[in-house]
Amino acid sequence: QAAPQYDPEEFVCGYVLVPEDRTNPDSRLIKLSVLRIVSTSDTPDAGAIIRLTGGPGGPSLSAGRVRAYQAPSNQPVREAADLIFFDHRGIGYSEADFCRAVPRIFQFGVPTESEGMQFWQEAFRKCISEAQQQGIAVDAYSTWQNALDVRDIRIALGYDEWTLFGVSYGTELAQAVLDVDEDGTRAAILDSVVPAGPWGPGGWEAPVYGFRSALNTVSEACANDRRCARDIGDMAGRFIAAFESFDADPLIIEDQDAGTYLGGRLVLDGTVAASAVFLALYINVLY
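Worth saying up front: this structure is predicted, and the values here are computed from it rather than measured.

With respect to the overall build of the protein chain
Within the protein chain, the regular secondary structure consists of 9 helices and 8 strands. Looking at the 287 residues of the protein chain, the share that counts as buried comes to 37%. Contacts in the protein chain between residues at least 24 apart in sequence constitute 66% of all its contacts with a sequence separation of at least 6. Summed over all atoms, the accessible surface of the protein chain reaches about 16,300 Å², with 54% contributed by carbon and sulfur.

Here is the structure:
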């Protein structure tokens, strides 16, 4: 398929400038990349809806997003509201550029080997140090600053209020936005809720290790079941090996949607294959 038809009257792209570090009055400004999909109604009932992406660190802007909202199935949403998407600071097309080449080791940090997480942490610490030497205020890349960014984007786009739609980490961000911009929030939709407030021991590493713990538990249950042990064997080992095999020998799928995949070519490596498993935890239809 050809790339999506881009109508600047319907799909408006641009930047909103915000302070990198609001605790520093001399802070530089950084660009946040924003996409507005204009409602097909002159008087949309819901006004505007801003999508708060998960991750943390998931990019939000793409040609695929434009194509998706050109589809007939999304016309009721287009009629109900203007749709706003943005890349969080430090993510996607937004500034600043740092820590974008830290190896994942495995999808969402699940280590394939016992020292995998340590290797990832060492790479991340080196990346943070390099960013600080470049003058990037790395401590300002936080949920609190993200929430203030959402407020400033609303003001810059001229909305008195809008609806928050957060998924996963986006629900944590939405709760922070409610703290800093309650008057600017018409409603909030929270999907796959992450608790607000400080994390317990391990922070975001807790769900990462939790995933590996769950995988090991299922694998142990399989080992203790005669039929499963006979037919499957080492379930956790096979699970990891499946994605490693895609990294070693990616599956190339041609003639795909050129608006979603560069040149219409999908490279199905371990990360892409593992993403499908992760998304199946969110999307019943995919599961």
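Let's talk about the side chain of Asp-82
Tracing the backbone through its elements, the reader meets Asp-82 in strand 4 (residues 82-86). Of the side chains bearing the opposite charge, Arg-36 lies closest to the buried Asp-82, which forms no salt bridge; the N-O distance is 4.8 Å. Of note is the side chain of Asp-82, whose polar atom sits 2.7 Å from the backbone nitrogen of Ser-39. In contact with Asp-82, other than residues within four places in its own chain, are Arg-36, Ile-37, Val-38, Ser-39, Gly-47, Ala-48, Ile-49 and Tyr-159.

Describing the packing of aromatic side chains
Inspection of the entire model under this criterion finds 4 aromatic pairs. Summarising the aromatic geometry, the rings of Tyr-69 and Phe-85 are spaced 5.6 Å apart at their centres and angled 50° between planes, so their arrangement reads as tilted. On the criterion of sequence distance, the pair formed by Tyr-69 in the loop between helix 1 (63-68) and helix 2 (75-80) and Phe-85 in strand 4 is long-range, its members being 16 residues apart. You can call Tyr-69 buried: its relative accessible area is 14%. Between the aromatic rings of Phe-239 and Phe-243, the centroid separation amounts to 5.1 Å while the plane-to-plane angle is 80°, which identifies the pairing as edge-to-face. With Phe-239 and Phe-243 both in helix 8 (residues 235-248) and 4 residues apart, this pair spans about one turn of that helix. Phe-239 sits in the partly exposed class, given a relative accessible area of 23%. The positively charged end of Lys-31 is found above the aromatic ring belonging to Tyr-15, 4.9 Å away from the centroid. The cationic tip of Arg-51 hangs over the ring face of Phe-165; the distance from NZ or CZ to the ring centre is 5.4 Å.

So, how was this worked out
Residues numbered from 1 in each chain as written. Predicted model: local features only at pLDDT ≥ 70, side-chain atom pairs only at ≥ 80, totals over all residues. Heavy atoms only, no water. Helix = DSSP H or I, 4+ residues; strand = E, 2+ residues; numbered from the N terminus. Buried < 20%, exposed > 50% of the residue type's maximum accessible area, 1.4 Å probe, protein only. Contact = heavy atoms within 4.5 Å. Areas by Shrake-Rupley, 256 points an atom, 1.4 Å probe, with all protein chains shown as cover. Lys, Arg positive; Asp, Glu negative; His and termini not counted. Salt bridge = Lys/Arg side-chain N within 4 Å of Asp/Glu carboxyl O. Polar contact = N/O pair within 3.5 Å; in protein donor to acceptor, adjacent residues only side chain to side chain. Phe/Tyr/Trp six-rings, centres within 6.5 Å; stacked < 30°, edge-to-face > 60°. Lys NZ or Arg CZ within 6 Å of the ring centre and 35° of its normal.

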